[in-house]
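# Observations on chain architecture
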Amino acid sequence: MKGTVTVRSIVAALVGVGSVHAQEAPAPAADDDSALMEVIVTANRREESVQKSSLALDVVSGEQLRAGGVSSPLQLQNLVPGLTMSTSGATVVTYLRGVGSLSTDANAESAIAYNINGVYIARPNGIGPIFYDLERTEVVKGPQGTLYGRNATGGAINLITKRPGTEFGGDASLDLGDFQYRRFQGAVNLPLSSTFALRAAGQITRRDGYLSDGYNDDDSAAGRLSALWNASDDLSLLVVGEYSHIGGRGGGVVMRSDLRPEPSDEWHGAAEPDSQPPSAAIPGGTVLQRDGNTDVDVKADSAELNRLLVD
């Protein structure tokens with residue numbers, strides 16, 4: 001299986017929209033145990049409290065994403081009810097409340113619209129390993145109009161990345177696990193002046209395949225560079241450039257038929273020699289490819305202009 005190359009280059013200018021960020025309200029008074037912590041979201045292209053939003057919305061903070069080990073789209077389904085995800089090669093197949101589409105073609109569009117910092121990701125294999133250094137993720141359930149740039153039958157998933165800040169700093173983490181799992185994440189924030197700052201972040205993941213034939217592995221790398229210019233108190237410009245690569249063998253399958261020698265082994269890959277169906281058993285019998293691989297490169301750039309309108 002040979003992956004395809006997807007290149008995405010989008011420039012978005014949003015005028016009259018408040019800055020995109022999450023914030024918490026001041027801590028409630030000690031004698032007010034009934035107060036809830038307020039979370040600000042921008043799912044409606046404006047800042048509003050998630051408690052007051054009319055949308056069917058699930059918000060996962062950056063801390064929750066890190067605690068849940070979310071480094072790719074597939075892990076997000078463990079934190080959001082009603083969300084089901086799988087892969088076909090490098091293509092991410094998403095269903096929300098049972099609504100979705102098996103869009104395995106590189107040029108197909110998913111029934112669930114993915115957006116990063118308000119910019120629509122046009123291809124399902126352009127999602128890839130971009131779940132790192134995020135401020136939050138907003139999962140909007142139900143049919144959506146053109147608010148995010150296109151119609152979406154099942155809903156929308158909005159990824160909000162961390163913006164460059166005014167203080168120098170950074171963070172890094174290394175995760176290790178079974179199947180030779182290694183994941184490194186890191187980010188550094190560089191304020192170059194009182195009005196201009198840069199933020200660089202990246203992620204590298206390696207893992208052997210779960211299936212006996214080596215498929216269902218993870219071999220990906222991604223990097224993102226963000227530049228923020230606060231021209232004035234009511235005008236800012238955010239420019240983001242990112243690159244990701246998806247390699248390895250990709251998603252695999254397990255044969256569920258009497259032709260399999262070990263039907264009880266759910267990890268016996270279909271590309272194993274003893275899983276190959278006899279050519280005579282199937283008219284024009286097909287032998288599954290044993291040395292498939294995925295090779296996908298995704299490049300993206302975007303710009304966001306925010307101006308605060310004051311009466």
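Summarised in this report is the structure supplied together with it. Just so it is clear, the structure is predicted and the values come from calculations on it, not from any experiment.

What follows covers the overall build of the protein. Regarding its fold elements, the protein presents two helices and 17 strands. Restricting to contacts in the protein with at least 6 residues of sequence separation, those with at least 24 account for 58%. For the protein, the accessible surface area stands at approximately 15700 Å², while carbon and sulfur atoms represent 54% of it.

Let us now look at the sheet that holds strand S6 (residues 91-96). Strands in a sheet are paired, the pairing made by backbone hydrogen bonds, and the direction either parallel or antiparallel. Read across the open sheet, the three strands follow the order S5-S6-S7; overall the sheet is antiparallel. Strands at the two margins of the open sheet, each flanked by one partner only, are strand S5 (83-88) and strand S7 (99-100). Looking at chain direction, S6 and S7 are connected through two bridges and run antiparallel. Note on S7: the bridge partner recorded for Leu96 is Val99.

Let us look at a nonpolar patch on the surface. Taken together, the side chains of Phe168, Val188, Leu190 and Leu192 define a hydrophobic patch exposed on the protein surface, amounting to about 380 Å² of accessible area. For Val188, the location among the structural elements is in strand S13 (residues 181-191).

Parameters and conventions
- Residues numbered from 1 in each chain as written.
- Predicted model: local features only at pLDDT ≥ 70, side-chain atom pairs only at ≥ 80, totals over all residues.
- Heavy atoms only, no water.
- Helix = DSSP H or I, 4+ residues; strand = E, 2+ residues; numbered from the N terminus.
- Contact = heavy atoms within 4.5 Å.
- Areas by Shrake-Rupley, 256 points an atom, 1.4 Å probe, with all protein chains shown as cover.
- Pairing = 2+ DSSP bridges.
- Patch = residues over 30% accessible without salt bridge, like charges linked within 9 Å, V, L, I, M, F, W, Y side chains within 5 Å.
- Salt bridge = Lys/Arg side-chain N within 4 Å of Asp/Glu carboxyl O.

Worth remembering: the numbers are spatial, not functional.
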